[in-house]
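Working through the structure, step by step
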Amino acid sequence: MMTEKQPAFVTGKRKYLFCGDHKGLERLTPIIKKVKKENISFEVVYLGEKEETDISMWMRNQKMGTFLYIAMEWSKLENFKHLAVECGFSEEEAQFIGHGVRMIDVFCCKCHQKTKIDSEGLGKLLTTCSRCHLKLSVSDHYSPLRGSYLGYATLDTGSDHR
Ligand SMILES: [Zn+2]
């Protein structure tokens with residue numbers, strides 16, 4: 001279903017920045033090797049030990065023509081994506097690679113509350129709305145407007161052990 005995106009080498013940049021947690025940097029290694037081999041300048045930053053403000057300063061100080069890679073756990077990737085955009089990196093100047101469990105929001109058709117679930121459950125699992133406790137069938141319809149996947153009421157009125 002939802003395959004993990006593999007980092008791809010975007011050529012022709014003046015400089016490359018590689019940021020990530022342990023697993024993330026591991027996945028970026030093939031690209032780091034290529035950049036090294038071609039003698040292009042680059043920096044590697046382990047995000048596990050940096051404060052967000054440090055990272056933001058560092059990103060803002062980069063020159064034009066710099067390409068950014070961020071490889072993080074899904075749960076943290078969004079934050080860093082926002083941060084990179086704030087610091088002036090466009091979608092064309094950055095690549096974001098997530099790993100691990102990806103949590104997604106399910107939008108309740110009844111009370112409009114969002115409930116977080118593991119994305120593995122997308123399209124096949126049932127979940128329960130965290131506010132109104134309605135049983136929801138998680139569809140694979142993503143609503144950009146809601147920023148979440150739509151959950152529909154299930155007809156299953158079977159045993160409910162609450
Ligand atoms: Zn609800």
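Counting restarts for each chain: residues are numbered from 1 in the order of the written sequence. Residues qualify for local features only when their pLDDT is at least 70, as the model is predicted, and side-chain atom pairs are given and counted only at 80 or more; totals for whole chains, interfaces and linings, by contrast, use all residues. As a convention, hydrogens and water are excluded, and side-chain values are obtained from all of the structure's heavy atoms.

**Regarding the domain arrangement of the chain**
Splitting the chain by domain gives domain 1 (15-99) and domain 2 (103-153). Taken over C-alpha atoms, the centre of domain 1 sits 31 Å from the centre of domain 2. Domain start and stop positions are those given by an automatic or database domain assignment.

**Thoughts on the sheet that holds strand E5 (residues 103-108)**
A pair of strands is labelled paired if DSSP reports no fewer than 2 bridges between them. The helix count covers DSSP runs of H or I at least four residues long, the strand count covers runs of E at least two residues long, and both are numbered beginning at the N terminus. The strand order E6-E5-E9-E8-E7 describes an open sheet built from 5 strands, whose pairing is mixed. Two strands close off the open sheet at either side, each with one partner strand: strand E6 (114-118) and strand E7 (126-128). The average angle at which neighbouring strand axes cross in this sheet is 50°, direction not considered. As paired strands, E5 and strand E9 (residues 148-153) are joined by 3 bridges and run parallel to one another. When the bridges of E9 are listed, Phe107 appears paired with Leu150. Helix axes are fitted to C-alpha atoms over the stretch in contact, other axes to C-alpha atoms as well, and angles between N-to-C directions run from 0 to 180 degrees.

**Side note on the coordination of the zinc ion**
Every protein donor of the zinc ion is listed here as Cys108 (SG), Cys111 (SG), Cys129 (SG) and Cys132 (SG), and their distances to the metal cover 2.3 Å. On the basis of relative accessible area, Cys108 is assigned to the buried category, the value being 0%. Only N, O and S atoms count as donors, using a 2.8 Å limit from the metal and a wider 3.2 Å limit for Na, K and Ca, and since water is excluded some coordination spheres may look unfilled. For every residue, the accessible area (1.4 Å probe, protein chains only) is compared with the maximum for its type, and the residue is labelled buried under 20%, exposed over 50%, or partly exposed between those bounds.

**Overview of the sheet that holds strand E1 (residues 15-20)**
The 4 strands are arranged E2-E1-E3-E4 in an open sheet whose pairing can be described as parallel. Edge strands, defined here as strands with exactly one partner in the open sheet, are strand E2 (41-46) and strand E4 (94-99). Looking at each pair of strands side by side, their axes are set apart by 10° on average, direction ignored. Of the strand pairs in this sheet, E1 and E2 are connected by 6 bridges, and their pairing is parallel.

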